[in-house]
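The primary structure of each chain is shown beneath.
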Amino acid sequence: MSDVKPFVLDFDLVSGFCTSGKVKPTQRRVSDMVAQFANETAARAMVEGGDPLLYEFYGLDLPEDDSGVLQFGTTILYPGKVGEEYFMTKGHFHTILDTSEIYYGLSGHGMMLMETPEGQVDWKEIGPGEALYVPGRWAHRSINTGTEPLVMFFVYRGDAGHDYGTIEEKGYRKLVVERDGKPAVIDNPKWKV
Ligand code: PAN
Ligand code: ZN
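The model shown is predicted, which means the values in this text are computed figures rather than measured ones.

This part covers the coordination of the zinc ion (ligand 2). Taken together, the protein donors to the zinc ion (ligand 2) comprise His-92 (NE2), His-94 (NE2), Glu-101 (OE) and His-140 (NE2), at separations of 2.1 to 2.2 Å. Taken together, the six donor atoms coordinating the zinc ion (ligand 2) span angles of 75 to 173° at the metal, a pattern that classifies the geometry as octahedral. Read in sequence order, the donor residues for the zinc ion (ligand 2) give the motif H-x1-H-x6-E-x38-H. Within this pair, whereas His-92 is found in the loop between strand 5 (85-86) and strand 6 (93-94), its partner His-140 is found in strand 11 (residues 139-144), the two being separated by 48 residues in sequence. On the basis of relative accessibility, which here comes to 2%, the residue His-140 falls in the buried class.

What follows is the structure in structure tokens.
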């Protein structure tokens with residue numbers, strides 16, 4: 001049992017920004033994820049052209065070894081595309097694989113792309129006022145399919161941990177791309193068994 005004292009934070013319900021000085025956002029740019037985009041040439045050109053910010057997310061300075069803690073924060077995923085693929089988060093499994101997560105859409109529109117180690121795949125749209133349940137065992141990646149920042153609140157068990165390596169090595173089985181002006185989910189040609 002950790003010694004966390006009661007506290008209150010401000011999260012802006014539209015922008016997702018947290019104004020508390022205690023909370024620092026983690027930012028990821030195209031250069032952090034070049035190999036994860038289907039069109040690496042387009043990704044490299046974007047890096048050279050200014051390396052845009054893909055997303056930022058707020059995590060709290062809470063103990064990461066206590067199953068009684070709930071970690072929470074907001075993810076702000078900006079609109080844009082790398083080639084025909086929408087801006088997306090890295091995506092991950094939780095290290096404690098069977099820990100789940102809840103996302104709540106605050107503003108903007110997007111999708112959560114999910115898959116299990118056994119190869120089940122699923123994707124769900126998310127927008128303002130919609131809660132999305134990501135069950136344990138499902139890797140999750142957020143994708144902004146709209147024209148505004150996609151802002152989501154999230155909460156998960158504090159000791160869940162993040163396994164990024166599996167997705168970095170194998171990729172996702174599916175991609176979300178723009179086709180005829182609309183999002184389409186297609187097989188990832190770079191996916192490795
Ligand atoms: C979220 C994610 C956040 C950023 O807090 O960590 O949206 O995505 P990546 O971690 O994939 O870069 C979450 O799912 N935590 O478990
Ligand atoms: Zn997660």
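More follows now that the structure is in view.
As a further point, take the sheet that holds strand 3 (residues 70-77). Read across the open sheet, the six strands follow the order 1-2-3-12-7-10; overall the sheet is antiparallel. Edge positions in the open sheet fall to strand 1 (25-29) and strand 10 (131-134), since each of these has one partner strand only. For this sheet, the mean inter-axis angle between neighbouring strands, taken without regard to orientation, is 20°. Here eight bridges tie strand 3 to strand 12 (residues 150-157), and the two strands are oriented antiparallel to one another. Bridging from a neighbouring strand, Thr-74 pairs with Phe-153 of strand 12.

On the basis of which strands lie adjacent, the open sheet formed by three strands has the order 9-8-11 and antiparallel pairing. For this open sheet the edge positions go to strand 9 (121-126) and strand 11, each flanked by a neighbour on one side alone. When strand polarity is set aside, the average angle formed by the axes of neighbouring strands in this sheet is 20°. Bridge analysis of strand 8 (residues 110-115) against strand 9 gives six bridges, and the strand direction is antiparallel. Pairing of Glu-115 across the sheet is with Val-121, part of strand 9.

Of all residues adjacent to ligand 1, which total 16 residues, the nearest are Tyr-55, Thr-75, Tyr-103, His-162 and Tyr-164. Between Tyr-55 and ligand 1, the recorded distance is 2.5 Å, taken from a side-chain N or O atom to an oxygen atom. Contact with the protein chains covers 99% of the free accessible surface of ligand 1, which is 390 Å². Elements with a minimum of two residues in the shell around ligand 1: strand 2 (53-58), strand 7 (101-107) and strand 12. Of the residues in the shell around ligand 1, the class split is six nonpolar, seven polar and three charged.

Here we come to the side chain of Asn-188. Mapping Asn-188 onto the fold places it in the segment after strand 15 (182-187). For Asn-188, a relative accessible area of 11% gives the class buried. Separated by 2.8 Å, the side chain of Asn-188 and the backbone oxygen of Tyr-172 make a polar contact. Within the structure, the side chain of Asn-188 is placed 2.9 Å from the backbone nitrogen of Lys-190, a separation counted as a polar contact.

This brings us to the UniProt feature "domain: Glucose-6-phosphate isomerase prokaryote" (unreviewed entry) in the chain. Look at the UniProt record and you will see "domain: Glucose-6-phosphate isomerase prokaryote" (unreviewed entry) annotated at residues 27-179. Taken end to end, residues 27-179 is 10% helix and 44% strand, and its two terminal C-alpha atoms sit 28 Å from one another.

What follows concerns the packing of aromatic side chains. In this description, a pair of aromatic rings is defined by centroid distance and the angle of the planes. Tallying each qualifying case throughout the model produces eight aromatic pairs. Between the aromatic rings of Phe-7 and Phe-72, the centroid separation amounts to 6.3 Å while the plane-to-plane angle is 15°, which identifies the pairing as stacked. One end of the pair, Phe-7, is in the segment before strand 1; the other, Phe-72, is in strand 3, and 65 residues separate them in sequence. With a centroid separation of 5.8 Å and an interplanar angle of 35°, the aromatic rings of Phe-72 and Phe-153 are classed as tilted. In this pair, Phe-72 sits in strand 3 while Phe-153 sits in strand 12, placing the two residues 81 residues apart along the sequence. Given the relative accessible area of 27%, Phe-153 is considered partly exposed. In textbook terms, an aromatic cluster arises when at least three aromatic residues are bridged by ring pairs, as seen for Phe-7, Phe-11, Tyr-58, Phe-72 and Phe-153. The ring centre of Tyr-164 lies 5.4 Å from the NZ or CZ of Lys-90, which sits over that ring.

Conventions and cut-offs
- Residues numbered from 1 in each chain as written.
- Chains lettered and ligands numbered in written order.
- Predicted model: local features only at pLDDT ≥ 70, side-chain atom pairs only at ≥ 80, totals over all residues.
- Heavy atoms only, no water.
- Donors = N, O, S within 2.8 Å, 3.2 Å for Na, K, Ca; no water.
- Tetrahedral: all angles 85-135°; square planar, octahedral: opposite > 155°, others 65-115°.
- Helix = DSSP H or I, 4+ residues; strand = E, 2+ residues; numbered from the N terminus.
- Buried < 20%, exposed > 50% of the residue type's maximum accessible area, 1.4 Å probe, protein only.
- Pairing = 2+ DSSP bridges.
- Axes fitted to C-alpha atoms, helices over the stretch in contact; angles between N-to-C directions.
- Near = heavy atom within 4 Å.
- Polar contact = N/O pair within 3.5 Å; in protein donor to acceptor, adjacent residues only side chain to side chain.
- Areas by Shrake-Rupley, 256 points an atom, 1.4 Å probe, with all protein chains shown as cover.
- Nonpolar A, V, L, I, M, F, W, Y, C, P; charged D, E, K, R; others polar.
- UniProt positions renumbered as here; feature names shortened; annotations may be inferred.
- Phe/Tyr/Trp six-rings, centres within 6.5 Å; stacked < 30°, edge-to-face > 60°.
- Lys NZ or Arg CZ within 6 Å of the ring centre and 35° of its normal.

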